[in-house]
Amino acid sequence: MTLVRHRRALVASVATLVVLAPLVWFWQASLIPGSYQASSLGYHDYGGGPRLPGTTRSVASLTEQVHRTPDVRVTLTARRERGHGIDGYTLNHRSPGPTIRARQGQLVEVRLVNASVPDGVTLHWHGVDVPNAEDGVAGVTQDAVRRGHDFTYRFVVRHAGTYWYHSHQVSHEQVAGGLLGALVVEPAVASPGREALALVHDYGGRRTVDGAAADRRVDAPAGAHVRVRVVNTNNGQLATWPTGPYRVLAVDGHDVHEPGVVRDRSVIVAAGGRVDLDVTAPARVELSGVALVVGSATGDARRPTRTLDLLRYGTPAPIGFDPATATRHFTYSIGRRPGFLGGRPGLWWTINGHPYPDVPMFTVDTGDVVVMRIDNHSGSVHPMHLHGHHVVVLRRNDIRATGSPWWTDSLTVANNDTYDVAFVADNPGVWIDHCHNLPHASDGLVTHLMYEGVTEPYRIGSRNHPE
Ligand code: C2O
Ligand code: CU
């Protein structure tokens, strides 16, 4: 009797151990050190290229090597402040912060002052391929700016287009809370046309355009062309559709080559992405809840059932390099599985089968031509954003891009989609490559592209929380 009971107890404890031991192991393996270097994360992936020693450089030395008086000087003071019905953040007492305007080739200097943001702040120039030390990622390219401190960013805007800026410290919280603004780079030779900004942001679920919860009006006589710069600062994609025919002049700050006239289609703007639309007054540019009203347009327009496919829009043009000569091929495969993240049980994102922090470190050398295959089998949509570079789309689901070169910095990758993109590694540093649905990033959908030999003096953890 007792023997049977003992044996049962023994079997039960062995079974418990068999179940628990691997769990404890996985839990233990998921723990993230209190503070760590981004470039020490995970494992190196050389993409089939050579492993070169690289020149040893610190991120901190990768600054803008232009020494002259800045052409544009701005001070932005960040505060924890109530606005738009939420306890959020402001820059110079407003959200969105002031629009920064510069002309192509100008040197921009922005002094960021943290007046009252308890967690610290940074500013990242989304879509501007700045030198690494100016990229504004807390714990990777700088330390978060503490209350009472300041930090000065200096960079040349080499490319005309529509961009935006936002904090990259506790970004899933600070961006939603309004720590952001638009950055517009006009062409070196000013184009005479009219233009308008349409920065879309949701404050506590309330949609706004340029900070207004109602339709925004811009004056334009009938027949006038207006360049509307749509900026999607939210975590989800944004459908926009002007009434009447229009053209898409630019995507993510890059001009579309020979954009054709579009009718009865909406454009889907990725989270973090931008499109510049050419509309003819009078017109309404619908922004899925609010609108930019150009001229004396009335009524509102129903969303077209079809969407514009950028894979086939515009006409081909040279991209400046040959992806067929790629020296590295990477895979960024997004999945999801149950496990632990930082000791917390849950369903977590994986990159190439590994949950954060055991993710691939895409390692390159200056001058590499890189092809990256991004695939998504995670059940969710992910807007993928690589810092410091623009990528050109080669193929989606093995279908070749046949339109204008589609340069992007914020690419919506739907579930079960595969994109092949290419870029030239021409901007040394340690660059975060993450999902711009920012809560996904803070749940571990983050890795980095690093140039061999570059090291950072900063640490993620303790005061720096980039996501
Ligand atoms: Cu717009 Cu890493 O961010
Ligand atoms: Cu995501």
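That block above? That's the structure.
Everything numeric here is computed off the predicted structure, so don't read it as measured data.

**Student:** In this structure, what is going on with the packing of aromatic side chains? I would like to understand it.
**Tutor:** Applying the stated rule across the entire model yields eight aromatic pairs. Between W125 and F155, the ring centres sit 5.0 Å apart and the planes meet at 45°, which makes this aromatic pair tilted. Of the two residues, W125 is situated in strand 8 (residues 124–126) and F155 in strand 9 (residues 150–156); the sequence distance between them amounts to 30 residues. Among the residues examined, W125 registers a relative accessible area of 0% and is labelled buried. Pairing Y332 with F362 gives two aromatic rings, centres 5.7 Å apart and planes at 40°, and the pair type is tilted. Residue Y332 is located in strand 24 (residues 328–341), and its partner F362 is located in strand 27 (residues 360–364); the two are separated by 30 residues in the primary sequence. F362 carries the same exposure label as Y332, and that label is buried.

**Student:** How should the sheet that holds strand 27 be read in this particular structure?
**Tutor:** Across a sheet, paired strands are connected by hydrogen bonds in the backbone, their directions being either parallel or antiparallel. Across the sheet, which stays open at both edges, the six strands sit in the order 2-27-36-35-29-33 with mixed pairing between neighbours. Edge strands, defined here as strands with exactly one partner in the open sheet, are strand 2 (43–45) and strand 33 (411–413). In this sheet, adjacent strand axes meet at a mean angle of 30° when their direction is disregarded.

**Student:** Just checking my understanding: could you explain the coordination of the copper ion (ligand 2) for this structure?
**Tutor:** Tetrahedral coordination by four donors puts the ideal angle at the metal at 109.5 degrees, and octahedral coordination by six puts it at 90 or 180 degrees. Only H382 (ND1), C435 (SG) and H440 (ND1) from the protein reach the copper ion (ligand 2) as donors, at distances of 2.0 to 2.1 Å. Taken in sequence order, the residues that donate to the copper ion (ligand 2) follow the motif H-x52-C-x4-H. Here H382 is found in strand 29 (residues 382–386), whereas its partner H440 is found in helix 3 (residues 438–442), with 58 residues between them in sequence. Assessed through its relative accessible area of 13%, H440 is described here as buried.

**Student:** Just to check I follow, could you spell out the pairing of strand 36 (residues 446–451) for this structure?
**Tutor:** Two faces, one strand: in a regular strand the side chains alternate between the faces of the sheet. The buried fraction of strand 36 amounts to six of the six residues, a majority that puts the element mostly inside the structure. On strand 36, burial covers both faces: V446, H448 and M450 on one face and T447, L449 and Y451 on the other are all buried. Across four bridges, strand 27 lies against strand 36 in parallel orientation. Looking at the pairing, V364 lines up with Y451 of strand 36.

Reading the values: rules and limits
- Residues numbered from 1 in each chain as written.
- Chains lettered and ligands numbered in written order.
- Predicted model: local features only at pLDDT ≥ 70, side-chain atom pairs only at ≥ 80, totals over all residues.
- Heavy atoms only, no water.
- Phe/Tyr/Trp six-rings, centres within 6.5 Å; stacked < 30°, edge-to-face > 60°.
- Helix = DSSP H or I, 4+ residues; strand = E, 2+ residues; numbered from the N terminus.
- Buried < 20%, exposed > 50% of the residue type's maximum accessible area, 1.4 Å probe, protein only.
- Pairing = 2+ DSSP bridges.
- Axes fitted to C-alpha atoms, helices over the stretch in contact; angles between N-to-C directions.
- Donors = N, O, S within 2.8 Å, 3.2 Å for Na, K, Ca; no water.

By themselves, these figures tell us nothing about what the structure is for.
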